[in-house]
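Below are the chains, spelled out letter by letter.
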Protein chains: 2
Amino acid sequence: MTAPYIRPIVTVDVVVLTLRAGQLQVLEVQRQDAAEPFCGAWGLPGGYVHVEEDDDTASAARRVLRGKTGGHVGHLEQLYTFSGAGRDPRGWSVSVVYLALVQGDDGMGLRPDQAGVRWVNVDEAGELPFDHAAILAKALDRVRGKAAYSSLPAFLIAPVFTWSELMGVYEVVLGQTLDASTFRRKVEAQMMIVPAHGQRRHTGAGRPAGLYRLSTDALHDFGRVVLSERA
Amino acid sequence: MTAPYIRPIVTVDVVVLTLRAGQLQVLEVQRQDAAEPFCGAWGLPGGYVHVEEDDDTASAARRVLRGKTGGHVGHLEQLYTFSGAGRDPRGWSVSVVYLALVQGDDGMGLRPDQAGVRWVNVDEAGELPFDHAAILAKALDRVRGKAAYSSLPAFLIAPVFTWSELMGVYEVVLGQTLDASTFRRKVEAQMMIVPAHGQRRHTGAGRPAGLYRLSTDALHDFGRVVLSERA
DNA sequence: CGAATAGTGTCTGTGAGACATTATCTT
DNA sequence: AAGATAATGTCTCACAGACACTATTCG
């Protein structure tokens, strides 16, 4: 007897983070369907898995992002799976949650001002539907934890960046200031970045900064790079 | 229109690890139901989520372990969620996989010789059904990764242990020898263990070793304990 | 020139790793 | 006492953190 059991609802949700105006921000979408719970509320993008269309939950997550933001996603990883009888009024549900990082502050197609879509500072997200508050908290734990030992925060900025910009994103994510010399030493030791072409001058005064991009290794896996400093 | 989509199959699978005879071993069960795929094959314990009975997937995992091993589980954590159209012949499926660690070598109820249940060295698991080989590989990655910075491997041995036993389990999991002095310094710095009562004499000769157990903190969360050494 | 930002050099304390030494048991 | 294992002490070198210093641009 194959699958005699009642099947739970299966959805994917995505925590999309970026860096805008020096702040870590999360993407919220306004729930539109009047037949579904929390209609009108702002929550994390998500939706049902479509078994005819999606290869797996990761591709379902990409489809959700395509549909709701139309933009390009720099990094996507599975975060955690939330489940239970109580988390969704529609019934016993499983939500496979993904974490997406996209570059901020210079229009990469994510249409931040599109109707029904908005960016919110991660510490200013209001009342979120379902268990989205717990999901967001877990995503922040993950990003902050990985920031201490991986190149992951680099996906929050443009693919070509200066040392200042790279260190700045780590400082925002980790919530502490870093020492430029120590930061460079650690990043260089891990061969996490390589020089890019050209030079860019700073906005006002000062010596122009060299440009860099993530190394091929850093783009594909996140080695045990230790970047955190003492509290 | 609530849930107009075809719902995937939702199962849980559990990678149960222990330490027996100085080896890291995984629990396999023989698949019994002739109506289900891979009947007769040895694979990871798992089963359908029962929405009437299970609070969430973690409780489904505990139920699966109760039913198939009857034993006590020292540590249970979510590992990863595997999904897709191709991984299960019964159809598009989602499997929420858990990692369980149990103490080995001194009968704690897990009935290792029960019919249809067996322990296998993790590097000698044969042909596994579904994507269980990939699941096991991911579990080993997780355990080895966490061994470098947490008290997690301690759940593979008895709750009261000696320094030798604790260091031994780390050596087996990490696959390298450790220095006793350095190991003690790091573990003590993290206040991971506390003395237990009594003294235990060694099997043959030598000074008897003091007994210890995990501290309350280490039992509940896995702090950033750094225990690995250089390769 | 001075201001501003980029980037490098150097000192020092901590602690990991290695290994020597002491302690306490069995036979 | 000899042998075995437990437990602790000590040395050294690498490196993280701190900060001073040099470099290169703009106005």
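Residues numbered from 1 in each chain as written. Chains lettered and ligands numbered in written order. Predicted model: local features only at pLDDT ≥ 70, side-chain atom pairs only at ≥ 80, totals over all residues. Heavy atoms only, no water.

### Considering the packing of aromatic side chains
- On inspection of all chains with the given rule, the structure shows twelve aromatic pairs over all chains.
- Relative to phenylalanine 183 of chain B, the ring of tryptophan 163 of chain B lies with its centre 6.1 Å away and its plane at 85 degrees, an arrangement referred to as edge-to-face. Remark: phenylalanine 183 of chain B occurs in helix H4 (residues 180-189) and tryptophan 163 of chain B occurs in helix H3 (residues 163-174); sequence separation between them is 20 residues. The exposure classification of tryptophan 163 of chain B matches that of phenylalanine 183 of chain B, with both residues buried.
- Chaining the aromatic ring pairs together yields one cluster made of Trp163, Tyr170, Phe183 and Tyr212 of chain A. (Phe/Tyr/Trp six-rings, centres within 6.5 Å; stacked < 30°, edge-to-face > 60°. Helix = DSSP H or I, 4+ residues; strand = E, 2+ residues; numbered from the N terminus. Buried < 20%, exposed > 50% of the residue type's maximum accessible area, 1.4 Å probe, protein only.)

### A few points about the nonpolar core
- Membership of the largest hydrophobic core comes to 42 residues, with the highest contact counts inside it found for Val14, Val16 and Val49 of chain A together with Val14, Val16 and Val49 of chain B.
- When sequence neighbours within four positions are dropped, the list of residues in contact with valine 14 of chain A reads Leu44, Pro45, Ala61, Leu65, Leu76, Tyr98 and Ala100 of chain A. (Core = buried A, V, L, I, M, F, W, Y, C linked by side-chain atoms within 4.5 Å. Contact = heavy atoms within 4.5 Å.)

### Examining the pattern of salt bridges
- Within the structure shown, the criterion is met by 18 salt bridges over all chains.
- In this structure, arginine 63 of chain A engages aspartate 54 of chain A in a salt bridge whose closest nitrogen and oxygen atoms are separated by 2.8 Å.
- We classify arginine 63 of chain A as buried; its relative accessible area is 14%.
- Relative accessible area serves as the criterion here: at 4%, aspartate 54 of chain A is assigned to the buried category.
- In this structure, arginine 118 of chain B and glutamate 28 of chain B form a salt bridge, with 2.8 Å as the shortest nitrogen-oxygen distance. Taken together, the residues span a long stretch of sequence, with arginine 118 of chain B in strand E7 (residues 117-121) and glutamate 28 of chain B in strand E2 (residues 23-30) at a distance of 90 residues.
- On the accessibility criterion, arginine 118 of chain B (33% relative accessible area) is partly exposed.
- Residues participating in the shared-partner salt-bridge network are Arg31, Glu36, Asp88 and Arg90 of chain A. (Salt bridge = Lys/Arg side-chain N within 4 Å of Asp/Glu carboxyl O.)

### Thoughts on the domain arrangement of chain A
Residues and elements named next belong to chain A.
- Each assigned domain of chain A is listed here: domain 1 (9-146) and domain 2 (148-214).
- One C-alpha centre belongs to domain 1, the other to domain 2, and the line joining them spans 27 Å.
- On the side of domain 2, 13 residues touch domain 1, which itself brings 18 residues to the contact.
- Of the roughly 1300 Å² buried at the junction of domain 1 and domain 2 (both faces included), carbon and sulfur atoms supply 69%. (Domains from an automatic or database assignment. Buried area = accessible area lost by both parts, 1.4 Å probe.)

### Here's the deal with the pairing of strand E5 (residues 75-84) of chain A
All names here are of chain A.
- Across the ten residues that make up E5, a large majority, eight, are buried.
- One ladder, built from nine bridges, connects E5 with strand E6 (residues 93-101); its direction is antiparallel. When the bridges of E6 are listed, histidine 75 appears paired with leucine 101. (Pairing = 2+ DSSP bridges.)

### Here's the deal with the packing of helix H2 (residues 132-147) of chain B against H3 of chain B
All names here are of chain B.
- At a minimum axis separation of 9 Å, H2 and H3 run at an interaxial angle of 130 degrees. Classed by the angle they form, the pair H2 and H3 counts as oblique. Crossing handedness for the pair H2 and H3: left-handed. Residue-level contacts link Val143, Arg144 and Ala147 of H2 to Tyr170, Val173 and Leu174 of H3. (Axes fitted to C-alpha atoms, helices over the stretch in contact; angles between N-to-C directions. Parallel < 35°, antiparallel > 145°, perpendicular 65-115°, else oblique. Left-handed = near helix turned anticlockwise from the far one by under 90°.)

### Overview of the environment of leucine 128 of chain B
All names here are of chain B.
- Topologically, leucine 128 is positioned in the loop between E7 and H2.
- In the structure, leucine 128 is positioned 63 residues away from leucine 65 in sequence and 19 Å away in space, judged by C-alpha atoms.
- Leucine 128 has contacts with Glu28, Trp42, Gly43, Ala133 and Leu136, leaving out every residue within four places of it along the chain.

### Here's the deal with the interface of chain B and chain A
- The partner chain A presents 31 residues to the 31 residues of chain B that form the contact.
- Buried surface at the junction of chain B and chain A, summed over both partners, amounts to about 2900 Å²; 61% is from carbon and sulfur atoms.
- Our count for the chain B to chain A interface comes out at zero salt bridges.
- Inspection of the region where chain B meets chain A yields eight residue pairs in polar contact (both at pLDDT 80 or more).
- Elements with a minimum of two residues in the side of chain B that touches chain A: strand E1 (9-20), strand E5 (75-84) and strand E6 (93-101) of chain B.
- Looking at which element gives the most residues to the side of chain B that touches chain A, the answer is E5 of chain B, with five residues.
- Tallied by class, residues from the side of chain B that touches chain A come to 17 nonpolar, seven polar and seven charged. (Polar contact = N/O pair within 3.5 Å; in protein donor to acceptor, adjacent residues only side chain to side chain. Nonpolar A, V, L, I, M, F, W, Y, C, P; charged D, E, K, R; others polar.)

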